[in-house]
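Fold and geometry: a report
Given next are the chains, with one letter for each unit.
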Amino acid sequence: MKRILCALLAVLMLFSLTACTQSGGGVDVDPTVEGYFHIPVTGEYGDGILLPDLNDAHVTVMMSIDWSYLESGNNPEDPFAQYHATLLWREAYASQEGDVEIITITEDKMTDYLATQTASGTAPDIIPANDMTYPQWNASGLTQSVEKYADHLQLDAKNPYNPEEGLYNLQLMEQHYQWGGESHGAVTLPEPDRVYTIYNKTKFERSGQTDPLTLWEKGEWNWTNFVKTAKAMTNETDFGFTGWGLFPYNAPYPMAKLDEEGKVSLSIDDTKYMRYMTEVYNFYQTDKAARCDWSLQSWDKLFPAGTDAMVFSTKARFQQIVNNARRMDGDEFGIAPVPAFDPTGETVGIADANLWAYSISAASPNPIGAATYIRLETLVSRNAQSKLAGTTWYDKNLTEAEKAMMEETKDDPVSIDIIIGIGDCYLGIVDAHIVPAMYYVATQESVQAIFDAQKSALQAEFDEFNEMVEETAAELAAKQEAAAAE
């Protein structure tokens, strides 16, 4: 991969320096002047939204799904903002045959496709920014700063339904999508998709054990009590915990750190990280309170059917679990925060989280159109949230205690590990070697030995990544110097 990206780098840098000056995607009016946003949109969830005139109203979006998925999967009770934003866009720019075209590429082929298309000058305008792409695409020079289009995005705008909040979550953008001192991802959702403790309420009631939500309400939901609870809920065939939620890249402390220059460093020797992984190792290998075999990969099917007591997963997964259990006339389930990791002194849970954002590709033919569309989809999502307030599945199915818990913990810290987006660390090393050794079999190896065995391979991936960062920066500096000289 590195050879492919470096071979394309010179072409990419030349294109990225000139792309924004080309006619496609330019506008005739300064977006800071009054009346720039003046075209009213008509359609569902378009209330109060104005769009600008565009020279080019054709925008391409690279995703792993296609339009038919959005069209067939759109649910009035949980609408896809992208689906409705696309319809509004097509209507607003109908005279220009405006469209938001989805380019469907499977996730495993996205990097190669994007690098090739960037070099040829035909890159998609909008590309996903998530833990699979950040910071790999940034280091490869495949993204550009969204702050260059701050006025087109209206980055400093307020949420029309809550003036105390921004239209975008700038704090998350500053924390998780920084590159070269600027944000390369526009976070369109108000908060990250955090992980919770999902538990089998029926099992807890039958066993007489205090459930996680009650422990949290009492200020006692920490790692120590999580382990005690899981051990009490474990027998010969059923375990207190199952699933992926305690894997090495889902920790409250990340495996990798990124500095201001874009260089990455391993943090698996960090005291807090290794203390966490030691506790997790003991939980599986000594306490034997978690399912430790390949069947944990099927937790999303087994857990709703009544197998095991707790998992860590997202709110959307909680909805699926509850719905699946009801179809089977099965158990009841509850939701609570992740436990605070008290062995290192934490007093609130630091949840693993997914963060969705949009990047604008470095070689986007229409970056202004891309920024305009991202703003539209963000406003559509806010309109949908406002209209659906009090009527969503969660409003109807969460208990009052669960709703109060989610409101109280919505600003609690999250951990988003970047190691998944660095070389082959995720699939080739952590999932291929560390995970099987700790989570699928009983082992006599120490946790330190398991990590030490992979440390050199991980460091090699980090070294290659950092070398690419240096080469990208040097190429860009040379191109900028040459352009200035001309």
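In what follows, the structure referred to is the one given above.
Heads up: these notes are all about the structure in this document. (Residues numbered from 1 in each chain as written. Predicted model: local features only at pLDDT ≥ 70, side-chain atom pairs only at ≥ 80, totals over all residues. Heavy atoms only, no water.)

**Regarding the pairing of strand E8 (residues 162-166)**
Two faces belong to every sheet, and in a regular strand the side chains alternate between them. Bridge analysis of strand E7 (residues 158-159) against E8 gives two bridges, and the strand direction is antiparallel. Its bridge partner being in E8, lysine 158 is matched across the sheet by glycine 166. Between E7 and E8, which follow one another and run antiparallel, lie two residues. (Pairing = 2+ DSSP bridges. Helix = DSSP H or I, 4+ residues; strand = E, 2+ residues; numbered from the N terminus.)

**Quick look at the pattern of salt bridges**
Tallied over the entire structure, the rule returns 14 salt bridges. A salt bridge links lysine 203 to aspartate 238; the nearest nitrogen and oxygen atoms lie 2.5 Å apart. With lysine 203 in helix H8 (residues 201-207) and aspartate 238 in the loop between helix H10 (223-232) and strand E12 (256-258), the pair connects residues that are 35 residues apart, well separated along the chain. On the basis of relative accessible area, aspartate 238 is assigned to the buried category, the value being 13%. We note a salt bridge from aspartate 293 to arginine 291, for which the minimum N-O separation is 3.8 Å. A relative accessible area of 9% means that arginine 291 is categorised as buried. Each of Asp269, Asp452 and Lys455 takes part in one network of salt bridges that share partners. (Salt bridge = Lys/Arg side-chain N within 4 Å of Asp/Glu carboxyl O. Buried < 20%, exposed > 50% of the residue type's maximum accessible area, 1.4 Å probe, protein only.)

**Digging into the side chain of serine 267**
Within the fold, serine 267 resides in the loop between strand E13 (264-266) and helix H11 (271-285). Taking the relative accessible area as the measure of exposure, serine 267 reaches 4% and is therefore buried. From its side chain, serine 267 meets the backbone nitrogen of alanine 256 in a polar contact 3.3 Å long. Leaving out residues up to four positions away in the same chain, serine 267 has contacts with Pro254, Met255, Ala256, Lys257 and Tyr273. (Polar contact = N/O pair within 3.5 Å; in protein donor to acceptor, adjacent residues only side chain to side chain. Contact = heavy atoms within 4.5 Å.)

**A few points about the nonpolar core**
Considering soluble globular proteins, one finds that nonpolar side chains tend to be buried as a cluster. Judged by nonpolar contacts, the single largest core of 134 residues is most densely connected at Phe226, Leu246, Met277, Phe283, Tyr439 and Phe451. Top element by residues in this core is helix H14 (residues 367-388). It accounts for ten residues. Excluding its chain neighbours within four sequence positions, the residues that come into contact with phenylalanine 283 are Trp223, Phe226, Val227, Ala230, Phe241, Leu246, Lys288, Ala289 and Ala290. Of all hydrophobic cores here, the second largest spans eleven residues; its members include Ile103, Met110, Leu114 and Ile127. (Core = buried A, V, L, I, M, F, W, Y, C linked by side-chain atoms within 4.5 Å.)

**Observations concerning helix H13 (residues 315-327)**
Over its 13 residues, H13 extends 19 Å from the first C-alpha to the last, a length consistent with the 18 Å expected when each residue adds 1.5 Å. Buried within H13 are the following residues: Phe318, Gln319, Ile321, Val322 and Ala325. Angular distribution of buried residues about the axis of H13 spans 165 degrees; they occupy a single face of the element. Phi turns positive one or two residues past the end of H13, at aspartate 329, with a value near 55 degrees. (Expected span 1.5 Å × (residues − 1). Arc of directions from axis to C-beta.)

**Concerning the packing of H11 against helix H17 (residues 425-440)**
Interhelical geometry of H11 versus H17 gives an angle of 45 degrees and a closest axis separation of 9 Å. On the basis of the axis angle, H11 is oblique to H17. Every residue of H17 that contacts H11 at Met277, Val280, Tyr281, Tyr284 and Gln285 is listed here: Ala437, Met438 and Tyr439. Each residue belonging to the contact of H11 with H17 can be placed in one class, and the counts come to seven nonpolar, one polar and no charged. (Axes fitted to C-alpha atoms, helices over the stretch in contact; angles between N-to-C directions. Parallel < 35°, antiparallel > 145°, perpendicular 65-115°, else oblique. Nonpolar A, V, L, I, M, F, W, Y, C, P; charged D, E, K, R; others polar.)

**Focus on unusual backbone geometry**
With an omega dihedral of 5 degrees, the bond running from tyrosine 134 to proline 135 counts as a cis peptide bond. Within the fold, proline 135 resides in the loop between strand E5 (126-129) and helix H5 (136-139). Unusually for a residue other than glycine, glutamine 154 sits at a positive phi of about 60 degrees. As for its position among the elements, glutamine 154 is in the loop between helix H6 (150-153) and E7.

**Some words on the packing of H10 against H11**
H11 packs onto H10 with a crossing angle of 10 degrees between their chain directions and a minimal axis gap of 11 Å. By the angle between their directions, the pair H10 and H11 is classed as roughly parallel. On the side of H10, the interface is formed by Trp223, Phe226, Val227 and Ala230, while H11 contributes Glu279, Val280 and Phe283.

**Observations concerning the packing of aromatic side chains**
Summed over the entire model, instances satisfying the criterion amount to 31 aromatic pairs. Summarising the aromatic geometry, the rings of tryptophan 223 and phenylalanine 341 are spaced 5.6 Å apart at their centres and angled 65 degrees between planes, so their arrangement reads as edge-to-face. On the criterion of sequence distance, the pair formed by tryptophan 223 in helix H10 and phenylalanine 341 in the loop between strand E15 (333-336) and strand E16 (351-354) is long-range, its members being 118 residues apart. Classification of tryptophan 223 as buried rests on a relative accessible area of 4%. Ring centres of tryptophan 244 and tryptophan 299 lie 5.6 Å apart, and the angle between their planes is 85 degrees; this geometry places the pair in the edge-to-face category. Of the two residues, tryptophan 244 is situated in the loop between H10 and E12 and tryptophan 299 in helix H12 (residues 299-302); the sequence distance between them amounts to 55 residues. Taking the relative accessible area as the measure of exposure, tryptophan 299 reaches 3% and is therefore buried. Directly above the ring of tyrosine 394 sits lysine 315, whose terminal nitrogen or CZ lies 4.8 Å from the centroid. (Phe/Tyr/Trp six-rings, centres within 6.5 Å; stacked < 30°, edge-to-face > 60°. Lys NZ or Arg CZ within 6 Å of the ring centre and 35° of its normal.)

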